[in-house]
Amino acid sequence: MALEHALLVALSERPASGLELTRRFERSLGFFWHATHQQIYRVLGRMVDDGWVTVEVVAQEGRPDKKVHTPSDLGRAALREWLAEPLPMETFRSELAVKLRGASYGDRARLASHLATTRAEHVARLAAYELMEREQFPDPTGLDEAARDQWLVLRGGIGLEHFWIDWITDYLEKTA
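Computed from a predicted structure; not experimentally measured.

A. Up close: the overall build of the protein chain. In terms of regular secondary structure, the protein chain is built from seven helices and two strands. Seen in sequence order, the protein chain has helices and strands lined up from the N terminus as α-α-α-β-β-α-α-α-α. Taking 16 Å as the expected radius of gyration for a compact globule of 176 residues, we find that the protein chain reaches 20 Å, considerably beyond that expectation. Along the three orthogonal principal directions, the C-alpha set of the protein chain runs to about 60 × 45 × 40 Å.

B. Quick look at the UniProt feature "domain: Transcription regulator PadR C-terminal" (unreviewed entry) in the protein chain. UniProt marks residues 93–173 with the feature "domain: Transcription regulator PadR C-terminal" (unreviewed entry), using the numbering shown here. Along residues 93–173 one finds 80% helix and 0% strand; the C-alpha atoms at either end are 23 Å apart.

C. Quick look at the packing of helix H2 (residues 18–27) against helix H3 (residues 37–49). It is at 10 Å that the axes of H2 and H3 come closest, and there the two elements cross at 135°. Comparing the axis directions of H2 and H3 gives the class oblique. In this structure, H2 meets H3 at a crossing whose hand is right-handed. Residues Gly18, Leu19, Leu21, Thr22 and Phe25 of H2 form the contact with H3, whose own contacting residues are His37, Ile40, Tyr41 and Leu44. For the contact of H2 with H3, the residue count by class is six nonpolar, three polar and no charged.

D. The packing of aromatic side chains, seen in detail. Counted according to the given criterion, the structure contains six aromatic pairs. Summarising the aromatic geometry, the rings of Phe163 and Trp164 are spaced 5.1 Å apart at their centres and angled 65° between planes, so their arrangement reads as edge-to-face. The class for Phe163 is partly exposed, based on a relative accessible area of 36%. By relative accessible area, which is 17% here, Trp164 ends up buried. Among the aromatic residues, ring-to-ring pairing joins Phe92, Phe163, Trp164 and Trp167 into one connected group.

E. Just the domain arrangement of the protein chain, in detail. As far as domains go, the protein chain holds domain 1 (3–84) and domain 2 (95–174). When each unit is reduced to the centre of its C-alpha atoms, the spacing between domain 1 and domain 2 is 28 Å. With four residues of domain 1 at the contact, the number on the domain 2 side is six residues. Regarding the contact of domain 1 and domain 2, the summed buried area is about 450 Å², with carbon and sulfur atoms giving 71% of it. One can count zero salt bridges joining domain 1 with domain 2. Across the contact surface, domain 1 and domain 2 share one residue pair in polar contact (both at pLDDT 80 or more). Its residues assigned to classes, the side of domain 1 that touches domain 2 shows two nonpolar, no polar and two charged.

F. Quick look at the pairing of strand E2 (residues 63–71). With seven bridges connecting them, strand E1 (residues 53–60) and E2 associate as antiparallel partners. Bridging from a neighbouring strand, Thr54 pairs with Thr70 of E2. A loop of two residues connects E1 with E2, the two strands running antiparallel in sequence, and Gly62 in this loop sits at a positive phi of about 75°.

G. Structural context of the side chain of His5. Its location among the elements puts His5 in helix H1 (residues 3–13). Classification of His5 as buried rests on a relative accessible area of 13%. Beyond its immediate sequence surroundings of up to four residues, His5 is in contact with Leu79 and Trp82.

Criteria and cut-off values
- Residues numbered from 1 in each chain as written.
- Predicted model: local features only at pLDDT ≥ 70, side-chain atom pairs only at ≥ 80, totals over all residues.
- Heavy atoms only, no water.
- Helix = DSSP H or I, 4+ residues; strand = E, 2+ residues; numbered from the N terminus.
- Rg over C-alpha atoms; globule rule 2.2 N^0.38 Å.
- UniProt positions renumbered as here; feature names shortened; annotations may be inferred.
- Axes fitted to C-alpha atoms, helices over the stretch in contact; angles between N-to-C directions.
- Parallel < 35°, antiparallel > 145°, perpendicular 65-115°, else oblique.
- Left-handed = near helix turned anticlockwise from the far one by under 90°.
- Contact = heavy atoms within 4.5 Å.
- Nonpolar A, V, L, I, M, F, W, Y, C, P; charged D, E, K, R; others polar.
- Phe/Tyr/Trp six-rings, centres within 6.5 Å; stacked < 30°, edge-to-face > 60°.
- Buried < 20%, exposed > 50% of the residue type's maximum accessible area, 1.4 Å probe, protein only.
- Domains from an automatic or database assignment.
- Buried area = accessible area lost by both parts, 1.4 Å probe.
- Salt bridge = Lys/Arg side-chain N within 4 Å of Asp/Glu carboxyl O.
- Polar contact = N/O pair within 3.5 Å; in protein donor to acceptor, adjacent residues only side chain to side chain.
- Pairing = 2+ DSSP bridges.

Right, here's the structure in full:
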């Protein structure tokens, strides 16, 4: 997947300036697809040049004008085409997995300390995801299609955090 597709999804949900997109990435899409604000601005510029996104300049009082980006017809078509493509098999590429496999060749106690920290980070992220779910989707039965898709991706993130916590916990318990 290219960052362009992630941005088209975000802009389809709600038109935004580059700054607003960056903030939204930090709070939602960024949990699943990382991009720096420099990357977002660079790719947005390319998308405008390619005709995938239109820009409306909105005057602001006491601040520079804001450029609000919206998918164009060409951008919406590109997104539909990408969404219709077959999915490749997801691969599991994890530095953690390689470190666990090689633990007997290094300082296992130090690795265990790092694992405890990593586990705590996953516990914190799980708590954040669960709070997002409670606040943003208190009644999932009444969601429209777009909101249901967002909720289901969040549910996937919750499941992944449970996976990481369970796997690290299992490893730490069996190697203690």
